[in-house]
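Per-entry structural report
Read off the chains here:
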Amino acid sequence: MADNKKNDENFQYIVRIANKDIKGERKLNLALADVNGIGDRLATILIKKFNLDKNRQIGELSEDEVLEIRKYVENKEYDGMPVWLLNHRKDIATGKDLNLLSNDLNLQINDDINLMKKMRSYRGLRHEQGHKVRGQRTRSNGRHGLSMGVIRKRQEQKK
């Protein structure tokens, strides 16, 4: 049965969304989640939004369906999506809620980190020093360099 789908002349072996080549054999949910900036939840919601079957392979979609998904995903402002689902809320420059993908996401993250470093915020300083940023404990985890075992205090010899 799977061979019949692949022999079909409309099957696309590679689908390109947001500068990412996706194998056509991947299921729709997993294929969309392969794009940097789209997670499992957003992929599921996008499939429901476009009334697609999550068990279909992405290569089975028609070119119009792929184009519709690509246009919606590559547009940074998602209409009708809950704000908590987006990955870049309250943009500093525009104040809009955006969902960034691939290179745009990586550049924005680096810009945000550099801004924190420049303004000397606590998080920026932690980034500069290479320490944990989000409040994790550092006594036993996150150590760099040579490993050290547990050092015990020397006991005084009994006389």
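Here goes a summary of the coordinates provided. (Residues numbered from 1 in each chain as written. Predicted model: local features only at pLDDT ≥ 70, side-chain atom pairs only at ≥ 80, totals over all residues. Heavy atoms only, no water.)

Attention now moves to the nonpolar core. One finds Ile17 and Leu46 to be the most contacted residues of the largest nonpolar core, which totals 26 residues. When residues of this core are traced back to their parent elements, those giving at least two are β1 (14-17), α2 (28-33), α3 (40-49) and α4 (63-74). Not counting the four nearest positions on each side in its chain, Ile17 is found in contact with Ile22, Leu32, Val35, Ile58, Ile69, Arg70, Val73 and Glu74. (Core = buried A, V, L, I, M, F, W, Y, C linked by side-chain atoms within 4.5 Å. Buried < 20%, exposed > 50% of the residue type's maximum accessible area, 1.4 Å probe, protein only. Helix = DSSP H or I, 4+ residues; strand = E, 2+ residues; numbered from the N terminus. Contact = heavy atoms within 4.5 Å.)

We now examine the packing of aromatic side chains. Centre distance and the angle of the planes are the two values used to describe a pair of aromatic rings. For the structure on display, the rule yields 3 aromatic pairs. Where Phe11 meets Tyr13, the ring centres are 5.0 Å apart and the plane angle is 75°; that geometry is what we call edge-to-face. Judged by its relative accessible area of 43%, Tyr13 falls in the partly exposed class. Among the aromatic residues, those joined into a ring-pair cluster are Phe50, Tyr72 and Tyr78. (Phe/Tyr/Trp six-rings, centres within 6.5 Å; stacked < 30°, edge-to-face > 60°.)

Further remarks concern the environment of Gly142. Structurally, the position occupied by Gly142 is in the segment after α6 (122-129). Measuring from C-alpha to C-alpha, the distance between Gly142 and Lys132 comes to 7.4 Å, with 10 residues separating the pair along the chain.

Here we take up the pattern of salt bridges. Summed over the entire model, instances satisfying the criterion amount to 7 salt bridges. The salt bridge partner of Asp34 is Arg26, with a shortest N-O separation of 3.1 Å. Residue classification places Asp34 among the partly exposed residues on the basis of a relative accessible area of 32%. Judged by its relative accessible area of 31%, Arg26 is partly exposed. Of the charged contacts in the structure, one is a salt bridge between Glu77 and Lys96, with a shortest N-O distance of 3.3 Å. Highlighted residues: Glu77 in the loop between α4 and α5 (102-118) and Lys96 in the loop between α4 and α5, separated in sequence by 19 residues. Connected via shared salt-bridge partners are Arg56, Glu60 and Glu65. (Salt bridge = Lys/Arg side-chain N within 4 Å of Asp/Glu carboxyl O.)

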